[in-house]
Amino acid sequence: MAQMTMIEAIQSAHDVAMDRDERVVVFGEDVGYFGGVFRCTAGLQEKYGSHRCFDAPINESGIVGAAIGMAAYGLKPVVEIQFADYMYPAYDQIVSEAARIRHRSNGDFTCPLVIRMPTGGGIFGGQTHSQSPEALLTHVSGLKVVIPSNPRDAKGLLMAAIDDPDPVIVLEPKRLYNGPFDGHHDRPVVPWKKHALGDVDDGHFSIPLGEAAIYRPGSDLTVLTYGTMVYVAEAAANETGLDVEIMDLRTLLPLDMDAIETSVAKTGRCVIIHEATRTSGFGAELSAVVQETCFYALEAPVTRVCGWDTPYPHAQEWAYFPGPDRVAAAFRAVMEA
Amino acid sequence: MATRARKAPAKSKAGANKGGLSAPKPAEFTKDEELTAYRDMLLIRRFEEKAGQLYGMGFIGGFCHLYIGQEAVVTGISMAMEDGDQTITTYRDHGHMLAMDMESRGVMAELTGRRGGYSKGKGGSMHMFSKEKNFYGGHGIVGANVSLGAGIAFANKYRDNGKVCCTYFGDGAANQGQVYESFNMASLWKLPVVFVIENNRYAMGTSVARSSAETDFSQRGVSFKIPGFQVDGMDVRAVKAAADLALGHARSGEGPVIVEMMTYRYRGHSMSDPAKYRTKDEVQKMRSERDPIEQVKARVIEQKWATEDELKAIDKEVRAIVADAAEFAQNDPEPDVSELYTDILLEA
């Protein structure tokens, strides 16, 4: 065990995977020599050589396209899109090629590819460095989509993603890289180095894709959330004094339906929280599956707390960001319903 | 349909850039031009220094890409532009806005996210615009503005207005696929656009040599029959002469030109840059030997077009403008929360 930040845990997953499997290659913008803008690939080029960890030009479509070709021919590329906001040039490659090549080739060709993308806000990045585009990815059959919320999960899910035979998108909430940010932007964040969830196993271990975790058990209501919002939900739970069960979904596609059903059947109340804009966000899907599977157990309408339906703002970021106050208000509302 | 005999393809001259433009000699500046260039570059320099300070003090958050070192590029080009010519650029955009005569206050207040900013604080450092000054933005996505520049140029041609769109991007953006789609359309349709590649040698932390198979970006248009040449982007006179030629070519209906400005940024890519990808000596050498502002200053003194004291007075005037902008940007209120819901769609 070692105490790691999320960045170090992600770096460690790369390191272990490259050590275990020669087919693993790692590349992206500033990924090689520079070690990644967030340092998630630091030291890999030195250790494994520039044929296995290297810089790509600034061309996201080309990066993903080339990685798909590598994957189809037996390599296991792990690429970084520097910010999830930069994925749009690569979206055609992700949707039309990566996600579809297995189906289209009748299983002859597969795409064991991992695309990592720092996601989400809370860093004053404005509209092109703060977005949460998960719903654009969960809408695509043929992809898997994961989003860890702590160093241990970040390593375990990335290892599982690299081991997986299909394309996996790993969304990394960049506001969590150094500590569990709970939405109280005016208070210091406890660094992962001093946090229980910063304890990460050395070597290889994986957390199965498609399994949610109960971050905090409770009986009053169920929170379905992921990424940064896990900690915002926790802050709101503490501040309201309610016995909130917080489910960290960890994998958005495929969804852990059993876990969702079990929890909501138990509590009868469900609040869904995400940073992304509300309309057609992933919360809409969650809301639909909850009412489909738990309708007769529900004591209150399923409620969403999300980013607003606006571009991610530069000024007034904390008004947009669904912080503890908005989440607490939703908790109270579903309890009173 | 009648079949037409196909013409034999014309033989291209080996090595020559089709279109045959080459870098002109640096312009001979008059006293007025030298002093204008000096003042305009100094304004950008002092503005950016102040922005860096405000960032350090916590007034500016997130991203802030300073233009220090590259001032000659946008200054020389703006000296060659005509009224109504447009500018569009990427995210290192503060200098471009000042060169387009946008107000220092409005730019600085956008950096601090205040309502007096050009985008009411909603855009931030990388995302601001001014229709009045024909500035089509700051764009945060690398290379995404290049196609827009071609589109603006198309509109110029369609309206037959005689205007040219200066479309700026960096050596990093020059590897984006959409840049080449834009090149093709611009040349195919003979659009009045000048593609200005600001080659500052580093795409964030990755040097040109580590990211680019052909490092002479001026020749990236050869396959699209776009003429191009490299220019000393640290010498404002060289930039001005190059811009005169390129803008004239584009304006005359001959189609696009690529001008690669060989320049250098002194500061980090953004504000958190470990700068491990280059040596301090390299930066220092550029600063001490090639600084665009010092070059003008030396010529002005040598020609006796101004004394040290007179140049200091210009600096004082520029510092006052910047201080006023900084004061405004720190004290102007934030936009109201309700502003986040404005300007998303046309309100009924």
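Residues numbered from 1 in each chain as written. Chains lettered and ligands numbered in written order. Predicted model: local features only at pLDDT ≥ 70, side-chain atom pairs only at ≥ 80, totals over all residues. Heavy atoms only, no water.

**Description of the overall build of chain A**
Working step 1: Within chain A one finds twelve helices and 14 strands.
Working step 2: In terms of overall dimensions, chain A is globule-like: its C-alpha atoms have a radius of gyration of 19 Å, near the 20 Å expected for 337 residues.
Working step 3: Overall, the C-alpha framework of chain A stretches about 60 × 45 × 40 Å when taken along its three principal axes.
Working step 4: Counting every position in chain A, which comprises 337 residues, the buried fraction comes to 61%.
Working step 5: In chain A, 79% of the contacts between residues at least 6 apart in sequence involve partners at least 24 apart.
Working step 6: Surface exposure of chain A reaches about 12,000 Å², of which carbon and sulfur atoms provide 50%. (Helix = DSSP H or I, 4+ residues; strand = E, 2+ residues; numbered from the N terminus. Rg over C-alpha atoms; globule rule 2.2 N^0.38 Å. Buried < 20%, exposed > 50% of the residue type's maximum accessible area, 1.4 Å probe, protein only. Contact = heavy atoms within 4.5 Å. Areas by Shrake-Rupley, 256 points an atom, 1.4 Å probe, with all protein chains shown as cover.)

**Details of the UniProt feature "domain: Dehydrogenase E1 component" (unreviewed entry) in chain B**
Working step 1: Per the UniProt record, the feature "domain: Dehydrogenase E1 component" (unreviewed entry) sits at residues 40-337 of chain B.
Working step 2: Between the end C-alpha atoms of residues 40-337 of chain B the distance is 36 Å, and the span holds 46% helix and 10% strand. (UniProt positions renumbered as here; feature names shortened; annotations may be inferred.)

**Description of the packing of aromatic side chains**
Given two aromatic rings, one states the distance between the centres and the angle between the planes to describe the pair.
Working step 1: Counted under the stated rule, the structure contains 26 aromatic pairs over all chains.
Working step 2: Ring geometry for phenylalanine 169 of chain B and phenylalanine 183 of chain B: centres 6.4 Å apart, planes at 50 degrees, overall tilted. Taken together, the residues span a long stretch of sequence, with phenylalanine 169 of chain B in strand 2 (residues 165-170) and phenylalanine 183 of chain B in helix 6 (residues 177-188) at a distance of 14 residues.
Working step 3: In this structure phenylalanine 169 of chain B comes out as buried when scored by relative accessible area, which is 2%.
Working step 4: Under the relative-accessibility criterion, phenylalanine 183 of chain B is labelled buried at 1%.
Working step 5: Aromatic ring contacts, followed pair by pair, group Phe38, Phe83, Tyr86 and Tyr177 of chain A together with Phe63 of chain B into a single cluster.
Working step 6: Above the face of the phenylalanine 181 of chain A ring, arginine 175 of chain A is positioned so that its terminal group lies 3.7 Å from the ring centre. (Phe/Tyr/Trp six-rings, centres within 6.5 Å; stacked < 30°, edge-to-face > 60°. Lys NZ or Arg CZ within 6 Å of the ring centre and 35° of its normal.)

**Looking at the interface of chain B and chain A**
Working step 1: Listed by partner, the interface residues are 37 residues for chain B and 29 residues for chain A.
Working step 2: For the pair chain B and chain A, the summed buried surface comes to about 2,800 Å²; carbon and sulfur atoms form 65% of the total.
Working step 3: Area buried by chain B at its contact with chain A is led by Phe63, Ile141 and Leu340 of chain B, which between them contribute 20% of it.
Working step 4: The tally of links from chain B across to chain A stands at one salt bridge.
Working step 5: A salt bridge links arginine 210 of chain B to aspartate 55 of chain A; the nearest nitrogen and oxygen atoms lie 3.3 Å apart. (Buried area = accessible area lost by both parts, 1.4 Å probe. Salt bridge = Lys/Arg side-chain N within 4 Å of Asp/Glu carboxyl O.)

**A closer look at unusual backbone geometry**
Residue and element names in this part refer to chain A.
Working step 1: Here the amide bond leading from leucine 253 into proline 254 is cis, since omega sits at 0 degrees, within 30 degrees of zero.
Working step 2: Along the chain, proline 254 turns up in the loop between strand 12 (251-253) and helix 9 (257-267).
Working step 3: Non-glycine residue phenylalanine 124 carries a positive phi angle of around 60 degrees.
Working step 4: Here phenylalanine 124 lies in the loop between strand 5 (114-119) and helix 6 (134-138).
Working step 5: The exposure class assigned to phenylalanine 124 is partly exposed, which follows from its relative accessible area of 35%.

**Some thoughts on the domain arrangement of chain A**
Residues and elements named next belong to chain A.
Working step 1: Here the domain parsing of chain A yields domain 1 (2-200) and domain 2 (213-336).
Working step 2: Here domain 1 and domain 2 have C-alpha centroids that lie 25 Å from each other.
Working step 3: Listed as interface residues are 37 residues of domain 1 and, on the opposing side, 29 residues of domain 2.
Working step 4: The contact between domain 1 and domain 2 buries some 2,600 Å² in all, and 62% of this surface belongs to carbon and sulfur atoms.
Working step 5: Inspection of the region where domain 1 meets domain 2 yields one salt bridge.
Working step 6: The partner of aspartate 153 in a salt bridge is arginine 250, and the shortest N-O contact between them spans 3.2 Å.
Working step 7: In this assembly, domain 1 and domain 2 are joined by 15 residue pairs in polar contact (both at pLDDT 80 or more). (Domains from an automatic or database assignment. Polar contact = N/O pair within 3.5 Å; in protein donor to acceptor, adjacent residues only side chain to side chain.)

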